[in-house]
Amino acid sequence: MAELHLRPKEDCKYAAVSLGEVMIRLNPNEGRVRTARTFTATEGGGEYNVTRALKKVFRLNTAVVTALPDCESGHLCEDLMMQGGVDLSHV
């Protein structure tokens with residue numbers, strides 16, 4: 001088995017980087033989707049949720065590598081991600 005060589009924490013820019021899609025979730029809140037007239041929008045995605053939580057809870061430097069469409073929903077998702085504090089320089 002090969003030996004694993006890790007760099008020291010001081011030499012790393014990020015504690016975690018997520019790769020993958022980030023989506024917008026439309027939550028109907030108290031109602032059901034088919035009868036709702038308003039929704040709460042949040043961002044999410046398995047890997048992204050981990051990096052966002054590490055940033056918010058433990059104040060670790062984290063980043064996400066993903067692509068967003070250049071449209072209104074893509075800009076909304078980007079704005080929600082900015083509020084999460086994750087580095088978006090690789091989007």
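What counts, and where the lines are drawn
Residues numbered from 1 in each chain as written. Predicted model: local features only at pLDDT ≥ 70, side-chain atom pairs only at ≥ 80, totals over all residues. Heavy atoms only, no water. Salt bridge = Lys/Arg side-chain N within 4 Å of Asp/Glu carboxyl O. Helix = DSSP H or I, 4+ residues; strand = E, 2+ residues; numbered from the N terminus. Expected span 1.5 Å × (residues − 1). Buried < 20%, exposed > 50% of the residue type's maximum accessible area, 1.4 Å probe, protein only. Pairing = 2+ DSSP bridges.

### Focus on the pattern of salt bridges
Next, step 1: Scanning all chains against the criterion turns up 1 salt bridge.
Next, step 2: Taking the shortest distance from any N to any O, the salt bridge between Glu43 and Arg52 comes out at 2.9 Å.

### Some words on helix α1 (residues 46-58)
Next, step 1: If you check α1, its first and last C-alpha atoms are 18 Å apart, about what 13 residues at 1.5 Å a residue would give, namely 18 Å.
Next, step 2: The positive-phi residue at the C-terminal boundary of α1 is Arg59, with phi of around 55 degrees.

### Focus: the pairing of strand β1 (residues 16-19)
Two faces belong to every sheet, and in a regular strand the side chains alternate between them.
Next, step 1: In β1, alternate side chains face the same way, and those of Ala16 and Ser18 are buried while those of Val17 and Leu19 on the opposite face are not.
Next, step 2: With 4 bridges connecting them, β1 and strand β4 (residues 62-65) associate as parallel partners. Note that in β4 the partner of Ala16 across the bridge is Thr62.

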